[in-house]
Amino acid sequence: LFRSQEAEEASFRLTISDAHNGKTVSTGTKVQAGSRINGIISDGIALDISGDIGINQIRYSGERGSFEAIRPSVFEQYVHLVDSTAQMQIGANEGEDMDIQLGDISARALDIEDIDVRTRLSAARSITKLDNAIHKVSSQRSTIGAQINRLEHTITNLDVASVNLTSARSRIIDADMAKEMMEFTKLNILLQAGFSMSAQANQQPNHVLKLLGQ
């Protein structure tokens with residue numbers, strides 16, 4: 001005689017920390033095995049909790065007539081995340097950059113690829129999944145909108161900086177016509193005065209010779 005046994009999903013309290021620096025990301029989050037949680041690590045990351053996570057062994061209990069999963073009360077699970085954030089240089093100096101984050105909004109990432117509405121209970125669960133998906137898409141759209149606004153603001157600032165730089169370059173390289181004309185007029189007056197004094201100096205010997213001739 002064979003009898004099927006329905007599995008009972010275990011509940012956990014998650015404490016998530018960064019393995020590189022030990023900084024706690026989240027603590028005390030209650031989650032059930034076999035479920036998916038969104039936004040606990042980052043807005044664009046979903047974490048699937050496997051039903052067999054933490055299980056050391058499974059044994060059959062003859063006294064209870066059922067299978068039992070042996071799992072420690074506290075255990076560690078390591079997840080390696082690869083950062084796919086794009087970084088853009090938006091300024092002239094070091095450190096003037098911006099991170100572009102585009103989350104995964106596929107049907108699988110939104111947990112709506114297996115929507116089931118055949119029963120009242122499954123339909124109710126599907127409504128919750130769709131609400132969560134709409135919230136996630138709206139959050140992603142707001143993030144993208146904020147990044148676009150920042151880029152547009154940066155473009156405006158760069159345009160102003162370009163105009164100021166061109167103006168400064170013009171002041172350095174181009175001649176100040178008013179100042180140059182004043183300098184030209186001054187030098188011209190001095191030159192004319194020099195010519196006049198030279199002419200008068202040249203006439204002095206002639207006057208002396210005329211006086212001696214008389």
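In this text, all values refer to a predicted model and were calculated from it rather than measured experimentally.

As a further point, take the pairing of strand S6 (residues 66-70). As paired strands, strand S5 (residues 57-61) and S6 are joined by 5 bridges and run antiparallel to one another. Bridge pairing links glutamine 57 to isoleucine 70 in S6. Once S5 ends, the chain turns through 4 residues before running back antiparallel as S6, passing glycine 65 with a positive phi of about 70°.

Owing to its 3.6 residues per turn, the α-helix brings residues three or four apart onto one side. Between its terminal C-alpha atoms helix H1 (residues 120-173) stretches 79 Å, which fits the 80 Å expected from 54 residues at 1.5 Å a residue. Residues Ser122, Ser126, Ala133, Lys136, Gln140, Gln147 and Thr154 constitute the buried set of H1.

Our focus in this paragraph is the environment of leucine 130. Inspection of the secondary structure puts leucine 130 in helix H1. Leucine 130 sits 18 residues away from isoleucine 112 along the chain, and the two C-alpha atoms are 6.8 Å apart. Apart from residues lying up to four places away in sequence, leucine 130 is in contact with Ile112 and Ile115.

Taken as a whole and assessed by the stated rule, the structure comprises 2 salt bridges. Two residues, aspartate 116 and arginine 118, come together in a salt bridge whose shortest N-O distance is 2.9 Å. Residue aspartate 116 is classed as partly exposed on the basis of its relative accessible area, which comes to 24%. By relative accessible area, arginine 118 is classed as exposed at 74%.

Following the sequence through the fold, glutamine 140 ends up in helix H1. Glutamine 140 sits in the buried class, given a relative accessible area of 13%. Discounting chain neighbours no more than four positions away, the residues touching glutamine 140 are Gln101, Leu102, Gly103 and Ile105.

Turning our attention to the side chain of serine 122. Here serine 122 lies in helix H1. One polar contact links serine 122 to threonine 119, side chain to side chain, over a distance of 2.8 Å. Once residues lying within four places of it in the same chain are set aside, the contact partners of serine 122 are Asp116 and Val117.

The next point concerns a nonpolar patch on the surface. A contiguous nonpolar patch, built from Ile58, Tyr60 and Phe67 and spanning about 370 Å² of accessible area, is present on the exposed surface. Mapped onto the secondary structure, phenylalanine 67 falls in strand S6.

How each quantity is defined
- As a convention, each chain's residues are numbered from 1 in the sequence order in which they are written.
- Per-residue local features of the predicted model are confined to residues with pLDDT of at least 70, and side-chain atom pairs are confined, for both listing and counting, to 80 or more; whole-chain, interface and lining totals are unaffected and use all residues.
- As a rule here, side-chain values cover all heavy atoms of the structure and leave hydrogens and water aside.
- Any two strands are treated as partners once DSSP identifies two or more bridges connecting them.
- Numbered from the N terminus, helices here are DSSP runs of H or I no shorter than four residues, and strands are runs of E no shorter than two.
- Expected helix span is given by 1.5 Å per residue-to-residue step, counting one fewer step than there are residues.
- Burial here depends on accessible area, computed with a 1.4 Å probe over protein chains only, as a share of the maximum for the residue type. Under 20% is buried, over 50% is exposed, and the range in between is partly exposed.
- By definition in these notes, contact holds between two residues if any of their heavy atoms fall within 4.5 Å.
- A side-chain nitrogen of Lys or Arg and a carboxyl oxygen of Asp or Glu constitute a salt bridge if their distance falls within 4 Å.
- In the analysis that follows, any N or O atom pair within 3.5 Å is treated as a polar contact, provided that within protein one partner can donate a hydrogen and the other can accept it, and provided that, for residues neighboring in sequence, both atoms belong to side chains.
- Like-charged residues are merged into a patch within 9 Å and nonpolar side chains (Val, Leu, Ile, Met, Phe, Trp, Tyr) within 5 Å, provided each residue has over 30% relative accessible area and no salt bridge.
- For the accessible areas, the method is Shrake-Rupley and the probe is 1.4 Å, while residue cover comes only from the protein chains on display.

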